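Structure at a glance
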Amino acid sequence: MATRSVPVTCPFCEATCGLEVTLDGERVVRVRGDADDVFSRGFVCPKGGSLKALHEDPDRLRTPLVRHEGELVEATWEEAFAEIDRRLGAVLAEHGRDAVAVYTGNPGAHGLAVLLYGRVLLKALGSRNVFTATTVDQMPKHVSSGHLFGGALTIPIPDLDRTQHLLILGANPLASNGSLMTSPDARGRLRRIRERGGRIVVVDPRRSRTAEHADEHVPIRPGTDALLLFALLQVLVEEDRLTPTEHLDGVPEVCALAEPFTPEAVAGPTGIAPETIRRMARELAEAPSAAVYGRIGTTTAAFGTLTSWLVDVLNALTGNLDRPGGAMFPLAAAGQANAGGDGSGHGRAFATGRWASRVRGLPEALGELPVATLADEIETPGEGQVRALICVAGNPCRSTPNSARLERAVGGLDFVLSLDIYRNETSRYADVVLPAPSPLERSHYDLAFYQLSVRNIANYTPAALPTELPQEWETLLRLTGIVTGQGADADLAALDAVVAEETARRTGVDVGEADGRTGPERLLDLLLRAGPYELTLADLEAAPHGIDLGELQPRLPGVLRTPNGRVRLAPEALVADVPRLQAELSRAHEGGSFVLIGRRQLRSNNSWMHNLEPLVKGKDRCTAWLHPDDAARLGVRDGGRARVRSRAGELEVAVEVTADVMPGVVSIPHGWGHDAEGVRLRVATTHAGVNSNLLADETLLDPLSGNAVLNGIPIEVEAV
Ligand SMILES: Nc1nc2c(c(=O)[nH]1)N[C@H]1C(S)=C(S)[C@@H](COP(=O)(O)OP(=O)(O)OC[C@H]3O[C@@H](n4cnc5c(=O)[nH]c(N)nc54)[C@H](O)[C@@H]3O)O[C@H]1N2
Ligand SMILES: Nc1nc2c(c(=O)[nH]1)N[C@H]1C(S)=C(S)[C@@H](COP(=O)(O)OP(=O)(O)OC[C@H]3O[C@@H](n4cnc5c(=O)[nH]c(N)nc54)[C@H](O)[C@@H]3O)O[C@H]1N2
Ligand code: SF4
Ligand SMILES: [Mo]
């Protein structure tokens, strides 16, 4: 029988790999890496390979669900939208806009629909109670980048393909495939650094797979990376080894701040010997090119924003910011806020805290509030109390701190709407669930992640298969119609035309240029035309395996948007947080106490994709790692069980005894715990695991960004 192959871009992580999907009619024969993809060149990981399993998963929703006499039952789209109009309309009419909270999860960032039309809905809704997975992830990096460079998405990316020295803190690209560093086949790219004589150093409380493949693994006590980075800077200052990049303000100030953080002063809290820190600093300074790179382990931490800042301070003061082989600014083809401008780098001052959360008074950042306070906003009565939740492509009942408390809160809401492809731990509380097409049934362009890429790339792939489901952008527009009082049958074409007009106005391109297109394709065409390469969607359609726009180029100062067009290396907001860090120097560490960290896994994707047999088969991976010395002291055996307790909650978990984790540190992967009642995840429930976010404490935050502390949580451990 005749089969055909079509290229699609994998939407599951930040690597944007090209996949080759072989189809027989509408049946998927196989999925493999697309050897012709200009960026990934055939690389694929187990998750990408399971696209077929996801597409065919019988538990994946194909119709809306509406709660009827307490049960979620299948319904038509008309019934579902009528119910939303009635129930959401009532909450809005009675309690106002802030009574409706929105949570947007991670897959929302990996597709055009939610990126382009989610914001249309948010704007129409006008609620201040906007939450996303960003505050359990990388908000500190956005806030520090906003202060330093004037743009929350102006994030320097390690120039992986040219660097001769890579210092990685709290990232494990061999499992995660890279984050805030779009780099398909991160493993191959890292290997080539060593092959060309470069060096990789990994700072991690755990001997991760990336640490195993590095030149050096430096174990660190969780939550103390900012101390280490300040100490590296202190050594560079003391030894007169600074070679600052141009365009910097605040160099003397930041050097003065480093003074108390000597290697000797930080050795106790970090657990890293002073001579190791001195050697690390010298290697960084002496490398022909170097990039310091920090990720989840450094951002989901109490000093997340300071750590994110110090990563870039070190890059800037070693002359590696904005130079080949250092940390550079990508230039994306579409939608990048820092791409245009007059080249002067001038912009408005970046600010957070334009409003505060009602209950805990936590500052807004990037127009959202910390998800760690969502339960407070639901539980606490008063003007502005949250009474309804719209959850878009997210599973906060597994992915956010003290999820047991959040579940109780969500369970008590007047109305919950979930846009999700599964009935899972969060959508089981919904009154209405609206599904989306499978990734094979929608087009793809990675609007967000090409802005964070190690090469400049543009790749658009159309839907591989037709669908009977509405596209998710249409669903979001329909909801926009509902929250603006137009009812469930608003004219979608008219609404979409308004969105296109608005995009055209913002980008300065005539909307007529994209004639003949609708939906995300029209918006993308406009954004490409307005972009720095002046591409069109037709150009991308003519290049089904992508267009390589070349290696990263220096962009200072034009990439900046600061009031004086210079990098603000010592912004007041960050400087003001340094005394809190300094207090850590004198904090005694109790012997025998434990902290919890996570462990991302190659065959997992946060809290989902656990319903796909190819990814979960084999032995139970949701285990707690415990160091042999700790295990002996506690009387826990390999394969035995432990009870783990924190201020927030407790759980019981199978233990793996391994020297790959530091003494005093316990590592449990997040996103598991699929044995809840009311879910339809028949495979996942048989590999349920435990939910580590029962232990994560919603009161622990990085104050500058509102990001939750998900690594370095104080716990107690005992044998069961
Ligand atoms: N303890 C701990 N917690 C963590 C982390 C950690 O390291 N440790 N990591 C954090 C990070 S980095 C992140 S990003 C968050 C993720 O947090 P969330 O985004 O809340 O969780 P996900 O597990 O990504 O859930 C995604 C949901 O989207 C659904 N989905 C998938 N594709 C689509 C689609 O096309 N359309 C729609 N509508 N739905 C879809 C899935 O079924 C799933 O329910 O978790 C965070 N939580
Ligand atoms: N296979 C797979 N890929 C994924 C995901 C997934 O769930 N599965 N999730 C995607 C998402 S949403 C994201 S945000 C990215 C995240 O991508 P990464 O940031 O690379 O995520 P992790 O693999 O969790 O790596 C974090 C590392 O930090 C270490 N760590 C913990 N605490 C500390 C600390 O205090 N200091 C230091 N220095 N290290 C610490 C952990 O041991 C771990 O090795 O991955 C993405 N890719
Ligand atoms: S690395 Fe990421 S983008 Fe590439 S195949 Fe795997 S999940 Fe997909
Ligand atoms: Mo994430």
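Refer to the structure printed above.
The structure contained in this document is the topic of the report that follows. (Residues numbered from 1 in each chain as written. Chains lettered and ligands numbered in written order. Predicted model: local features only at pLDDT ≥ 70, side-chain atom pairs only at ≥ 80, totals over all residues. Heavy atoms only, no water.)

A complete count under the given rule lists 55 salt bridges for this structure. Here the salt bridges share partners, and the residues they tie into one network are Arg360, Asp376, Glu379, Arg405, Arg647, Asp697 and Glu698. (Salt bridge = Lys/Arg side-chain N within 4 Å of Asp/Glu carboxyl O.)

Spatial strand order, S5-S4-S17-S16-S15-S6-S7: seven strands in an open sheet with mixed pairing. The open sheet has two edge strands with one neighbour each: strand S5 (71-74) and strand S7 (130-132). For this sheet the average axis-to-axis angle between neighbouring strands, irrespective of direction, equals 20°. In the sheet, strand S15 (residues 388-392) pairs with strand S16 (residues 415-419) via five bridges, with the strands oriented parallel. In the sheet register, Cys391 faces S16, and the bridge partner there is Ser418. Against the sheet, helix H18 (residues 472-483) contacts S16 and strand S17 (432-434), and its axis sits at roughly 155° relative to S16. (Pairing = 2+ DSSP bridges. Helix = DSSP H or I, 4+ residues; strand = E, 2+ residues; numbered from the N terminus. Axes fitted to C-alpha atoms, helices over the stretch in contact; angles between N-to-C directions. Contact = heavy atoms within 4.5 Å.)

Looking at ligand 2, there are 30 residues lining it, with Ser176, Asp204, Gly223, Asp225 and Ser604 nearest. At 3.1 Å, a backbone N or O of Ala175 approaches a nitrogen atom of ligand 2. Between ligand 2 and Leu602 there is a distance of 3.1 Å, counted from a nitrogen atom to a backbone nitrogen or oxygen. For ligand 2, whose free accessible area comes to 920 Å², the fraction covered by protein is 98%. At the level of secondary structure, the elements contributing two or more residues to the shell around ligand 2 comprise helix H6 (173-176) and helix H13 (296-299). By residue class, the composition of the shell around ligand 2 is 10 nonpolar, 13 polar and seven charged. (Near = heavy atom within 4 Å. Polar contact = N/O pair within 3.5 Å; in protein donor to acceptor, adjacent residues only side chain to side chain. Areas by Shrake-Rupley, 256 points an atom, 1.4 Å probe, with all protein chains shown as cover. Nonpolar A, V, L, I, M, F, W, Y, C, P; charged D, E, K, R; others polar.)

Here we come to the environment of Pro571. Secondary-structure assignment places Pro571 in the loop between strand S22 (567-568) and helix H22 (572-575). In sequence terms Pro571 and Thr224 are 347 residues apart; their C-alpha atoms lie 21 Å from each other. The residues touching Pro571, leaving out its near neighbours within four places in the chain, are His147, Leu148 and Trp309.

Turning our eyes to something else, we now look at the site of ligand 3. All residues in the neighbourhood of ligand 3 are listed as Cys10, Phe12, Cys13, Ala15, Thr16, Cys17, Phe43, Val44, Cys45, Lys47, Gly48 and Asn177. The class makeup of the residues in the shell around ligand 3 is eight nonpolar, three polar and one charged.

Let us now look at the packing of helix H3 (residues 77-95) against H18. At a minimum axis distance of 9 Å, the contact between H3 and H18 shows a crossing angle of 40°. Taken as axis vectors, H3 and H18 run oblique relative to one another. Relative to H18, the crossing made by H3 is right-handed. Of H18, the residues touching H3 (which contributes Trp77, Phe81, Ile84, Asp85, Leu88 and Leu92) are Thr475, Arg478, Leu479, Ile482 and Val483. Of the residues in the contact of H3 with H18, the class split is eight nonpolar, one polar and two charged. (Parallel < 35°, antiparallel > 145°, perpendicular 65-115°, else oblique. Left-handed = near helix turned anticlockwise from the far one by under 90°.)

Our focus in this paragraph is the nonpolar core. Where a protein is soluble and globular, its nonpolar side chains tend to be buried together. The biggest cluster of nonpolar side chains holds 88 residues, and the ones touching the most others in it are Ile84 and Tyr445. The biggest single contributor to this core is helix H4 (residues 112-125), with eight residues. Once you skip the residues sitting within four places of it in the chain, Tyr445 turns out to touch Leu112, Ala333, Ala334, Tyr450, Ile457, Ala458, Asn459, Tyr460, Leu524, Leu528 and Leu540. Residues Leu169, Leu228, Val251 and Phe261 belong to the second largest nonpolar core, which totals 55 residues. (Core = buried A, V, L, I, M, F, W, Y, C linked by side-chain atoms within 4.5 Å. Buried < 20%, exposed > 50% of the residue type's maximum accessible area, 1.4 Å probe, protein only.)

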